[in-house]
Amino acid sequence: MRVTLLLRCAIVGLLALPVLSACGRVPGVYVYEAQQAGGRPGGAAAFDAKTYVDGIWTSKIVPAVHDNAVDISTVAAAVAKDVNAAGKQYGHQAGTGSPYAFLVKGTGKVVKVDTSAPTGPVTVEIAQDGGQPITLYVATGPVIAGTAIRDGVGFISFGDFTNQIDYANVANEINSRVKSDVVAKVDRGGLTDKTVSFYGAFSALAPNQIMVVPTELQVTP
């Protein structure tokens, strides 16, 4: 099968040299070679997103969020006024057209825990001097979705990876660490009326809605 496809590429190349380069990407040939090389051209080992995230979660990701987080009151006010301006000042954009991701911190009162929704949103109100409280949500799963942390830290770039799948898997593994290292330590059943302090990230996906994916989450009575 592979020999036949290669012969076809050679014949096409004799007829039109510009097409020859395209034959190197004939699906049958490319898939076969990739499979023989462990799933990657050139014999490179398959990327392990879990190993990658394990190597930087404690040493880089959590400290980056902690050290660079901006008070949620400041960011929320800026986003409400002009999300693009807020993004340029406080956020990070993974690529042109991507939503801005913000690293934030804050302390507020839990007013609701929704265990019926897949993301397990915990509604937190943060008091503001002379104004209405800021209402936001902290994701507690079991589904932790999105790329907020990956994009927000600023040092994980698409260009560092072979393909989009690897890049996406890094975000998935980061979210898995949030579930195992952050959310799993919190008793959601007893959160209502408690005070929570958090560090985390959110993506500006929907106007006036902030869903924080936490890298640190502490509960006080």
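All values derive from a computational prediction rather than experimental measurement. Throughout, a residue's number is its position along its own chain's written sequence, starting from 1. Side-chain atom pairs in this predicted model are given and counted only at pLDDT of 80 or more, local residue features only at pLDDT of at least 70, and totals for whole chains, interfaces and linings cover all residues. Note: side-chain values were computed over all heavy atoms of the structure, leaving out hydrogens and water.

1. Thoughts on unusual backbone geometry
For the peptide bond that leads from Gly 141 to Pro 142, omega is 20°, which places it in the cis range. Structurally, Pro 142 can be placed in the loop between β5 (131–138) and α7 (148–153). Although it is not a glycine, Asp 193 adopts a positive phi angle of roughly 75°. Assignment of secondary structure puts Asp 193 in the loop between α8 (164–182) and β6 (195–203). Partly exposed residues are those whose accessible area sits between 20% and 50% of the maximum for their type, while under 20% is buried and over 50% is exposed, using a 1.4 Å probe and protein chains only. On the basis of relative accessible area, Asp 193 is assigned to the exposed category, the value being 53%. Numbering of helices and strands starts at the N terminus; helices are DSSP runs of H or I of at least 4 residues and strands are runs of E of at least 2.

2. Structural notes on the nonpolar core
For our purposes a nonpolar core is just a set of buried Ala, Val, Leu, Ile, Met, Phe, Trp, Tyr and Cys residues, chained together by side-chain atoms within 4.5 Å. Membership of the largest hydrophobic core comes to 48 residues, with the highest contact counts inside it found for Leu 136, Ile 156 and Phe 202. At 7 residues, the largest contribution of residues to this core is made by helix α4 (residues 49–68). In this view, Phe 202 contacts Ile 72, Val 75, Val 79, Tyr 100, Ala 101, Phe 102, Val 104, Ala 148, Ile 210, Met 211 and Val 212; residues no more than four positions away in its chain are not counted. Contacts were defined at the residue level, with two residues in contact if any of their heavy atoms lie within 4.5 Å.

3. Focus: the pattern of salt bridges
Criterion for a salt bridge: a side-chain nitrogen of Lys or Arg within 4 Å of a carboxyl oxygen of Asp or Glu. For the coordinates displayed, the defined rule picks out 4 salt bridges. We note a salt bridge from Arg 177 to Asp 54, for which the minimum N-O separation is 2.7 Å. In this pair, Arg 177 is assigned in helix α8 and Asp 54 in helix α4, connecting sequence segments 123 residues apart. When its relative accessible area of 37% is taken as the criterion, Asp 54 is described as partly exposed. Two residues, Asp 151 and Arg 150, come together in a salt bridge whose shortest N-O distance is 2.8 Å.

4. Notes on the pairing of strand β4 (residues 122–128)
DSSP bridges decide pairing: two strands pair if at least two such bridges lie between them. Across 4 bridges, strand β3 (residues 100–113) lies against β4 in antiparallel orientation. Bridging from a neighbouring strand, Lys 109 pairs with Glu 125 of β4. With 6 bridges connecting them, β4 and β5 associate as antiparallel partners. Pairing of Gln 128 across the sheet is with Gly 131, part of β5. Where β4 folds back onto β5 in an antiparallel hairpin, the turn is made up of 2 residues, including Gly 130, whose phi is positive at roughly 70°.

5. Quick look at the environment of Ala 201
If you trace the backbone, Ala 201 turns up in strand β6. Measuring from C-alpha to C-alpha, the distance between Ala 201 and Phe 102 comes to 5.4 Å, with 99 residues separating the pair along the chain. Once residues lying within four places of it in the same chain are set aside, the contact partners of Ala 201 are Phe 102, Leu 103, Ala 148, Ile 149, Met 211, Val 212 and Val 213.

From the geometry alone we can't say anything about function, so treat these as descriptive.
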